[in-house]
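In case you want the letters, here they are:
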Amino acid sequence: MDRADSIWLWILTALAFLAATLRLLLAKKQGSPLPRFWRIQSFVFPVILLAAAILFQTGTADIVFPAVLIGIAEELILGAVRKRKEKQE
């Protein structure tokens, strides 16, 4: 377990929470707040990263990579669904 990996994972987690928060604030500022499902979905990936960072700190490092990949896949799939839904409206 490398100290630099831990630091990078915490930085990535903080940036993911910041991005989710800014996405919600931008949508609200533009006058089209996101529905409840999409607001919750914005924080799924940061929560997965937070759980992975905590597991990494406790020594369960073999679950971190699959958790991050699942979070990235979730973001990509639901991002595509959100854009398709916006085009239909």
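Everything quoted here is computed from the prediction, not taken from an experiment.

The grouping of I7, W8, I11, L15, L18, L22 and L25 at the surface amounts to a nonpolar patch, some 710 Å² of accessible area in total. Mapped onto the elements, W8 comes out in helix α1 (residues 3-29). Given the relative accessible area of 57%, W8 is considered exposed.

Along the polypeptide, Q41 turns up in helix α2 (residues 36-42). Judged by relative accessible area, Q41 falls into the buried class, the value being 2%. At 3.4 Å, the side chain of Q41 forms a polar contact with the side chain of R82. The contact partners of Q41, leaving out residues within four places of it in the chain, are E74, E75, L78 and R82.

Rules used in this analysis
- Residues numbered from 1 in each chain as written.
- Predicted model: local features only at pLDDT ≥ 70, side-chain atom pairs only at ≥ 80, totals over all residues.
- Heavy atoms only, no water.
- Patch = residues over 30% accessible without salt bridge, like charges linked within 9 Å, V, L, I, M, F, W, Y side chains within 5 Å.
- Areas by Shrake-Rupley, 256 points an atom, 1.4 Å probe, with all protein chains shown as cover.
- Salt bridge = Lys/Arg side-chain N within 4 Å of Asp/Glu carboxyl O.
- Helix = DSSP H or I, 4+ residues; strand = E, 2+ residues; numbered from the N terminus.
- Buried < 20%, exposed > 50% of the residue type's maximum accessible area, 1.4 Å probe, protein only.
- Polar contact = N/O pair within 3.5 Å; in protein donor to acceptor, adjacent residues only side chain to side chain.
- Contact = heavy atoms within 4.5 Å.

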